[in-house]
Amino acid sequence: MITNELLLDFIEKHPKYKLVGELMPTGKTINKGENIYLVVSKDNQVEEVLEKEIMNHPQKYLKKQIWLKPPFHYELVVSLKRIKD
């Protein structure tokens with residue numbers, strides 16, 4: 001099995017290589033018929049909130065960042081890439 005430590009050891013020994021990350025969608029999230037929002041509080045805590053909850057209790061969400069939750073889940077894939085001279 002290839003581990004993070006093994007990859008780091010490899011790039012230390014072979015400076016012509018570097019680690020590169022890529023975000024890959026793993027699948028669509030389940031749509032419950034209502035939008036789900038990501039609410040960021042002052043202390044940078046993220047909470048998933050239904051649109052209905054925000055509409056019914058707007059005072060709780062004033063002065064907070066509100067983002068529409070993306071429809072996909074992502075996985076980080078790491079690979080080795082040779083650096084061109």
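As a reminder, the structure under discussion sits directly above these lines.
Details of the overall build of the chain
Scanning the chain from N- to C-terminus turns up two helices and five strands. Starting at the N terminus and walking to the C terminus, you meet the elements of the chain as α-β-β-β-α-β-β. For 85 residues, the compact-globule estimate of 2.2 N^0.38 gives 12 Å, and the chain exceeds it by more than 25% at 20 Å. If you line up the chain on its principal axes, its C-alpha atoms span 60 × 30 × 25 Å. Taken over 85 residues, the chain has a buried fraction of 11%. Looking at the chain alone, contacts between residues at least 24 apart form 66% of all its contacts between residues at least 6 apart. Total accessible area computed for the chain in this model is approximately 7,500 Å², and 56% of it derives from carbon and sulfur atoms.

Points about the sheet that holds strand 4 (residues 65–68)
Reading across from one edge, 3-2-4 is the order of the three strands in this open sheet, with antiparallel pairing throughout. Two strands in the sheet have a free side with no partner beyond their single neighbour: strand 3 (46–50) and strand 4. Neighbour-to-neighbour, the strand axes of this sheet turn through a mean angle of 30 degrees, independent of strand direction. Relative to strand 3, strand 2 (residues 36–40) runs antiparallel, the two being bridged by five bridges.

What counts and what doesn't
Residues numbered from 1 in each chain as written. Predicted model: local features only at pLDDT ≥ 70, side-chain atom pairs only at ≥ 80, totals over all residues. Heavy atoms only, no water. Helix = DSSP H or I, 4+ residues; strand = E, 2+ residues; numbered from the N terminus. Rg over C-alpha atoms; globule rule 2.2 N^0.38 Å. Buried < 20%, exposed > 50% of the residue type's maximum accessible area, 1.4 Å probe, protein only. Contact = heavy atoms within 4.5 Å. Areas by Shrake-Rupley, 256 points an atom, 1.4 Å probe, with all protein chains shown as cover. Pairing = 2+ DSSP bridges. Axes fitted to C-alpha atoms, helices over the stretch in contact; angles between N-to-C directions.

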